[in-house]
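A structural walkthrough
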Amino acid sequence: EHQIESRLDSRLLPDLLESLKTGKPGEVETEICNTDRAVGTILSYHLSVAHGLEGLPQGTVRLRLRGSAGQSLGAFLAPGIAIDLEGDANDYVGKGLSGGQIIVYPPRASTFDSHLNIIVGNVCLFGATSGEAFIGGIAAERFAVRNSGALAVVEGVGDHGCEYMTGGRVVVLGNVGRNFAAGMSGGLAYVLAEGFDDMCNKESVDLETVHGEEACWLKRTIQRHADLTGSKHARGVADRFSELLPRFVKVFPKDYKRVLAEETAKETTDNTVSVEPVANDVVDIEDALVDESLLSDRVQKLDKLRGFAKYRRRGDKYRNAKKRVNDWDELSTRQTKSQLQVQAARCLDCGIPFCQSDTDGCPIGNVIPKWNELVFKDQWRDAFDRLMATNNFPEFTGRVCPAPCEGACVAGISELPVAIKSIEAAIIDHAWEMGWMQAVPPRNRSSWKVAVVGSGPAGLAAAEQLNSVGHLVTVFEREDRVGGLLTYGIPNMKLDKRLVQRRVDKMAAEGIEFVTNAHIGVNHSATDLLSSFDAVLLATGATWPRDLNIEGRQLEGVYFAMDFLTASTKSLLHNKGGISAAGKHVVVIGGGDTGNDCIGTSVRQGAASVTNFELLPQPPRERSADNPWPQYPRVYRIDYGHEEVISRWGKDPRIYSISAKRFLGDNNRLCGIETVRVQWTREGDRWSMEEVAGSEEVVEADLVFLAMGFLGPENKVIEELGVKQGPRSNVETGDGSYQTNVEGVFAAGDCRRGQSLIVWGINEGRMAAREIDTWLRSSNGHGGSHLPISGGIIPRTISAIKAPVS
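As a starting point, this report considers the structure included with it. (Residues numbered from 1 in each chain as written. Predicted model: local features only at pLDDT ≥ 70, side-chain atom pairs only at ≥ 80, totals over all residues. Heavy atoms only, no water.)

**Quick word on the sheet that holds strand 28 (residues 703-706)**
Put simply, the test is: Pairing between strands is defined by DSSP: at least two bridges between them are needed. Working definition: helices are DSSP H or I runs of at least four residues, strands are E runs of at least two. Numbering for both runs from the N terminus. Only the contacting stretch of a helix is used when fitting its axis, a line to C-alpha atoms as for every element, and angles between N-to-C directions run 0 to 180 degrees.
Taken in spatial order, the five strands make up an open sheet running 20-28-21-22-23, and their pairing is parallel. Unpaired on one side and paired on the other, strand 20 (558-560) and strand 23 (654-656) mark the two borders of the sheet. Averaged over all neighbouring strand pairs, the angle between strand axes comes to 25°, with direction disregarded. Here three bridges tie strand 22 (residues 609-614) to strand 23, and the two strands are oriented parallel to one another. Bridged to E614 within strand 23 is Y656.

Okay, structure coming up:
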């Protein structure tokens, strides 16, 4: 009677049924016409039967549609299903949206301005409860009526937008029709529209400005909308965000505001304690400061002299583990300015700040106490200037660096250390928000050309430094995107790739040339660089992974960790298939950041289980006698990936003191690992390992990721240039130097010092750039370099000091 078998969903179901049941990623492309109604609803039924309300990770099943969709596109769309429509749609798009994702945008070849044309019909997102909708154009009347939890971005709406809305968030990047927000009692709307005051029904809502962390969220959301829809209008808004921010209006329902105020007042009554000294002279200010306005007042009374003892450490918190595994968004939530000022008050401003020591603290010599003090004084622009004097990329280190500075913090001797990393990230994020990060090309250009091979932290830092003093810099990257490990080695939830691209775009605007898909020594000649450039810097990283050569290594299903992480990010950025953990029993062999990233990525892809093998014993909960302060604390931690496994399966994925003996296969496909437990004993300074008899067992595994570190750089470019390598295969340079045995060829980063941290890569790039600049100038009779050393200091020579002042 209903001809369900003829519906588009029914025709797509055979191709997608396995994905809907097992969680294995699936994708189809097809045309759609206006008689195809309620597309996605039948698919959502099958997904919900298999996986319940939780559904699957975002975008596990993706429909790529072209044409004009009929009514109710994506109605009741379940978590895990994404619909990309290149075209337009009739009424009721996303009706009852229940966790899925809908993206609608005009045909790529169209010439009209999307933000001036209606692209979806009436009553879209009616009664939506969760999920996302990104509409690259205008929605007609009654958009998001009775929305109770979905996020929507649209470029204009007709009459009666957000009527009776009770939850969720709506961003409108264009004009609205009459009676906007009538009867709205919950949720929030952010509107960039001309004459909005006249179009909004203000009976139940207040109109406010957008600022602080909310402004940061709004900008990220607009950037994401631009990336997903390709909207030039949204891209323009994001690029001019600082300029346009004062024109955004936050629509805040009065009932919602009242309820929040009552809850805040109740929390304040229940939890507030005085910031004045109490009997034990220690106040837990974090529990007291639950309201931002109250916090701002109390910041004026903060005790900087004894803050390390009075106030508790507070770092950026991870989002809820159960929720964040359903997306690839950033893990952490940022603190407010006032909260960060409380944290900065804990900085001792010590006589000897070990945090900036290159031995145990920060290798790049960040003058941490100085910018902590400036944040405490609310002098954010000065703090930004101080930070940028030493660190080229604080938005990277503030997110992914393991923070050796905190391990060396003097306050950490008796208390928890200052949350230095959180303050660093906040300073640079605020700088981008305020528009302080602008492209600044050098005033004068030299005629010297420098080739940088590799675009990881070392290569990018060197390129920026050399470009700043006028040299013509070209960066060669073997992958299709610039960034090295920043792009393809670190998952998006730890480092959003838009942040990397934003920085690359700034560097390009300053005059640095980037050449991608250029694998020097493979598809580009290395010797040609010597004849075309005055100097060459090798910053290729240490990308040769340590292997596990045991029986069964050749089986399908055993991969290097970096191959998996690279494939995952490429899949996310380009919507291409790759190695997928969906529905698989995953074993990660090896720990560290790379192993943890494999764990978090596997969980997001929908693995059936995740286990982590660690050959070494479990670390102690506190520093051991042979790991004193200010060394980096080698202690037991639960990182984000471990937490996500615990939240999903109820136990830590790590198994310590275990060794893989043999990979087991079936028809050349991995099906398990034969293991044995090991015991470690210490004799003096030496450790020895022996297998525990009778501890053999087989662990089920469909996928194994080898995360056991890296042995050194790959050799193609090194061998072609005739560069010497040391005993560990790293590029060999003189003590305290970055110059190789080949005239004009320098090296920096992991290819020179071995696998290390991002901050060490940045420091290596900065110092190599200074040496290259000195070499170029001195070999041509122009004196020494004006680039700084660690700590942002520009050394002065005796002759410069004695020179007369003109």
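Alright, that's what it looks like, and here's the rest.
**Some details on the pattern of salt bridges**
A side chain of one charge can pair with a side chain of the opposite charge if their charged atoms are brought near each other. Quick note on the threshold: What makes a salt bridge here is a side-chain nitrogen of Lys or Arg within 4 Å of a carboxyl oxygen of Asp or Glu, nothing more.
One pass over the full model with this rule turns up 48 salt bridges. Here the residues in one salt-bridge network are D316, E330, R334, R399 and D429, joined through shared partners.

**Description of empty space enclosed by the protein**
Stated precisely, the cut-off is as follows: Cavities and pockets were defined on a 1 Å grid built over protein atoms only: a cavity is a set of grid points that admits a 1.4 Å probe from which the probe cannot escape, a pocket is an open set flanked by protein on both sides within 12 Å along at least five of seven lines, and lining residues are those with an atom within 4 Å of any such point. Grid points are joined across faces, edges and corners, and a volume is the space filled by probe spheres set on the points.
For the coordinates displayed, the defined rule picks out three cavities of 30 Å³ or more. Of the voids in this model, the largest cavity is the one considered here, and its volume is about 100 Å³. Taken together, the elements giving at least two residues each to the lining of the largest cavity come down to helix 13 (368-376), helix 16 (404-407) and helix 17 (420-434).

**Focus: the sheet that holds strand 15 (residues 449-453)**
Strands sit in the order 17-16-15-18-30 across an open sheet of five strands; the sheet is parallel. Edge positions in the sheet fall to strand 17 (513-515) and strand 30 (745-747), since each of these pairs with one other strand and no more. Neighbour-to-neighbour, the strand axes of this sheet turn through a mean angle of 20°, independent of strand direction. Of the strand pairs in this sheet, strand 15 and strand 16 (residues 472-476) are connected by five bridges, and their pairing is parallel. Across the sheet, residue A451 finds its bridge partner in strand 16, namely T474.

**Regarding the packing of helix 12 (residues 337-344) against helix 13**
Defined as follows: Each angle receives one of four descriptions, namely roughly parallel if under 35 degrees, roughly antiparallel if over 145, roughly perpendicular if within 65 to 115, and oblique otherwise. Crossings are assigned a handedness: left-handed for a near helix turned anticlockwise from the far helix by less than a right angle, right-handed for a clockwise turn. Here, two residues are considered to be in contact whenever any of their heavy atoms come within 4.5 Å of each other. For this scheme, ten residues count as nonpolar: Ala, Val, Leu, Ile, Met, Phe, Trp, Tyr, Cys and Pro. Four count as charged, namely Asp, Glu, Lys and Arg, and the remainder, Gly too, count as polar.
Direction vectors running N to C along helix 12 and helix 13 enclose 135°, while the axes themselves pass 8 Å from each other. Accordingly, the angle class assigned to the pair helix 12 and helix 13 is oblique. With respect to the hand of their crossing, helix 12 and helix 13 are arranged in left-handed fashion. Residue-level contacts link L340, Q341 and A344 of helix 12 to N372, V375 and F376 of helix 13. Looking at side-chain class alone, the contact of helix 12 with helix 13 contains four nonpolar, two polar and no charged residues.

**What to know about helix 23 (residues 592-605)**
In plain terms, the rule: Residue count minus one, scaled by 1.5 Å, sets the expected span of a helix. In this scheme, a residue with accessible area under 20% of its type's maximum is buried, one over 50% is exposed, and one in between is partly exposed, where area comes from a 1.4 Å probe on protein chains only.
The end-to-end C-alpha distance of helix 23 is 20 Å, a good match for the 20 Å that 14 residues give at a rise of 1.5 Å each. Judged by how many residues are buried, helix 23 sits mostly within the fold: twelve of 14 residues are covered. Regarding helix 23, the residues found buried are T594, G595, N596, D597, C598, I599, G600, T601, S602, V603, R604 and Q605. Each element contacted by the buried residues of helix 23 is listed here: helix 11 (321-324), helix 22 (561-574), strand 21 (585-589), strand 22, helix 24 (640-649) and strand 28. At the exit of helix 23 stands G606, carrying a positive phi of roughly 95°.

**Focus on helix 5 (residues 232-239)**
Note the threshold: Picture the helix axis, draw a direction to every C-beta atom, and the arc is the one those directions span. For this analysis, a polar contact is any N or O atom pair within 3.5 Å, provided that within protein one partner can donate a hydrogen and the other can accept it, and provided that sequence-adjacent residues contribute only side-chain to side-chain pairs.
Listing the buried residues of helix 5 in full gives A234, V237 and A238. An end-on view of helix 5 places all buried positions within 100° of arc, on one side of the element. Exposed positions of helix 5 whose direction lies more than 90 degrees from the buried face are K232 and D239. For helix 5, the secondary structure elements touched by its buried residues are helix 4 (212-229) and helix 6 (241-244). Two or three places before H233, at the start of helix 5, stands the capping residue S231, its side-chain oxygen 3.4 Å from that residue's backbone nitrogen.

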